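Chain by chain, the residues run as shown.
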Amino acid sequence: MEIFILPSWPKSFDDNLFFINPVAWSLLMELVVNLLFVVFWKRLNPKMLFGILAISGLIVSIYTLYQHTAVFGYLWRNAPMGLARTIFSFSMGILIHHFYKSGKLKYGIRFPYFVAGILILIIYLLFPVNDKIRGVYDLLFIILISPALVALGTNIALGNVWLRIFSSLGSASYALYVIHHPLAAPTEIFVQKVLGISPFATPIALISVSSFLVLGYILDPVSYTHLTLPTILRV
């Protein structure tokens, strides 16, 4: 079932939706939200999207503050909260796209500011956070920092070299997300037991670099050459 991004049948509500690859929960939620978008897209004007954004954001905020973390959605018992989080992010993305296409987000931001934004993101994600403020920390990223970085990225005019680099990173990122969890555990064991290196960041770095090379320079050209959808189907 998991091959088709379908959840495994649970023995209890504390079970993972996906036993083999727990992070696949978000892929399932994205499929559900995309299907809902196809059904209701004619009614999704900005006013309606703001309403959906407000309601889903309120649900996510209350549950995150209650749990002191935004890490949820991968268990059967908190799957509805994961759906609410996906709806929030999806609605935010559509609104950002709408305002960009309408010209309300075109500020002509220079490339150095974009690099500064990336550095802020890296610093934000790397520093450890006290569990007491974890919920607020996660909400700050979900509601403010992440949308701001996306909006910032839409206003950057990149040269050909940087455009190619970021296009490759973007193409590889989704597939990298899908495979990083199954690869992280054995890599951590190998790095810690065999090499004697701290397993905190090293495995993720190794997986990220190697997966980027494979996905970005081998599979990505193949997919664009042989698997590209017709232009009319591209979003």
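Residues numbered from 1 in each chain as written. Predicted model: local features only at pLDDT ≥ 70, side-chain atom pairs only at ≥ 80, totals over all residues. Heavy atoms only, no water.

K.L.:
Would you explain the packing of aromatic side chains in this entry?
P.N.:
One pair of aromatic rings is described through two measures. These are the centre distance and the angle between the planes. Using the criterion set out here, one finds 3 aromatic pairs in the structure. A centroid spacing of 5.6 Å and a plane angle of 65° characterise the contact between Phe37 and Phe90, whose relative ring orientation is edge-to-face. Of this pair, Phe37 sits in helix H1 (residues 25–40) while Phe90 sits in helix H3 (residues 79–101), and the two are 53 residues apart along the sequence. Judged by relative accessible area, which is 30%, Phe37 ranks as partly exposed. Ring centres of Phe50 and Phe99 lie 6.1 Å apart, and the angle between their planes is 45°; on these two criteria the pair is classed as tilted. Note that Phe50 is positioned in helix H2 (residues 46–67) and Phe99 in helix H3, a separation of 49 residues in sequence. Judged by its relative accessible area of 41%, Phe50 falls in the partly exposed class. (Phe/Tyr/Trp six-rings, centres within 6.5 Å; stacked < 30°, edge-to-face > 60°. Helix = DSSP H or I, 4+ residues; strand = E, 2+ residues; numbered from the N terminus. Buried < 20%, exposed > 50% of the residue type's maximum accessible area, 1.4 Å probe, protein only.)

K.L.:
How should I be thinking about the side chain of Thr86 in this particular structure?
P.N.:
Looking at the secondary structure, you find Thr86 in helix H3. Taking the relative accessible area as the measure of exposure, Thr86 reaches 11% and is therefore buried. With residues near it in sequence (within four places) discarded, Thr86 still touches Trp25, Met29, Glu30 and Val33. (Contact = heavy atoms within 4.5 Å.)

K.L.:
So what exactly am I meant to see when it comes to unusual backbone geometry here?
P.N.:
Glycine aside, a negative phi is what most residues show, and trans is what most peptide bonds show. Look at His68: it is not a glycine, yet its phi comes out positive at around 65°. Tracing the backbone through its elements, the reader meets His68 in the loop between H2 and H3. Take His68: its relative accessible area is 45%, and that puts it in the partly exposed class.

K.L.:
Which parts of the structure should I look at to understand the confidence of the model for the chain?
P.N.:
Low pLDDT marks stretches whose predicted atomic positions should not be read closely. Counting all residues, the mean pLDDT for the chain is 79, and 80% of those residues have values of 70 or more. At the low end of the mean pLDDT range in the chain sits helix H7 (residues 202–226), at 52; at the high end sits H2, at 96. Counting contacts from residues 220–235, a segment whose pLDDT is below 50, to residues more than four positions away or on other chains yields 8 contacts. (pLDDT = per-residue confidence, 0-100.)

K.L.:
Please explain the packing of H3 against helix H5 (residues 134–153) as it appears in this structure.
P.N.:
For any two helices packed against each other, one specifies the crossing angle of their axes together with the interaxial distance. Packing of H3 against H5 brings their axes to within 11 Å, and their N-to-C directions diverge by 35°. In terms of crossing hand, the pair formed by H3 and H5 is right-handed. Between H3, through Arg85, Phe88, Met92 and Ile96, and H5, the contact on the second element is made entirely by Ile142, Ile143, Pro147, Val150 and Ala151. Each residue belonging to the contact of H3 with H5 can be placed in one class, and the counts come to 8 nonpolar, no polar and 1 charged. (Axes fitted to C-alpha atoms, helices over the stretch in contact; angles between N-to-C directions. Left-handed = near helix turned anticlockwise from the far one by under 90°. Nonpolar A, V, L, I, M, F, W, Y, C, P; charged D, E, K, R; others polar.)

K.L.:
What is the right way to read the pattern of salt bridges from this model?
P.N.:
Side-chain pairing between opposite charges can occur once the charged atoms of the two side chains come close. Counted by the stated rule, this structure contains 2 salt bridges. Note that Asp14 is salt-bridged to Arg77, the shortest N-O span being 2.7 Å. A residue pair is termed long-range when its members are at least 10 positions apart, and Asp14 in the segment before H1 and Arg77 in the loop between H2 and H3 qualify at 63 residues. The partner of Arg134 in a salt bridge is Asp138, and the shortest N-O contact between them spans 3.0 Å. One end of the pair is Arg134 and the other is Asp138, both in helix H5 and 4 residues apart, which spans about a single turn. Exposure remark for Asp138: the relative accessible area of 9% places this residue in the buried category. (Salt bridge = Lys/Arg side-chain N within 4 Å of Asp/Glu carboxyl O.)

K.L.:
Just checking my understanding: could you explain the environment of Pro46 for this structure?
P.N.:
Relative to the assigned elements, Pro46 resides in helix H2. Given the relative accessible area of 28%, Pro46 is considered partly exposed. Between the alpha carbons of Pro46 and Ser91 there is a distance of 9.5 Å; along the sequence they are 45 residues apart. Those residues in contact with Pro46 that lie beyond four places of it in its chain are Leu95 and His98.

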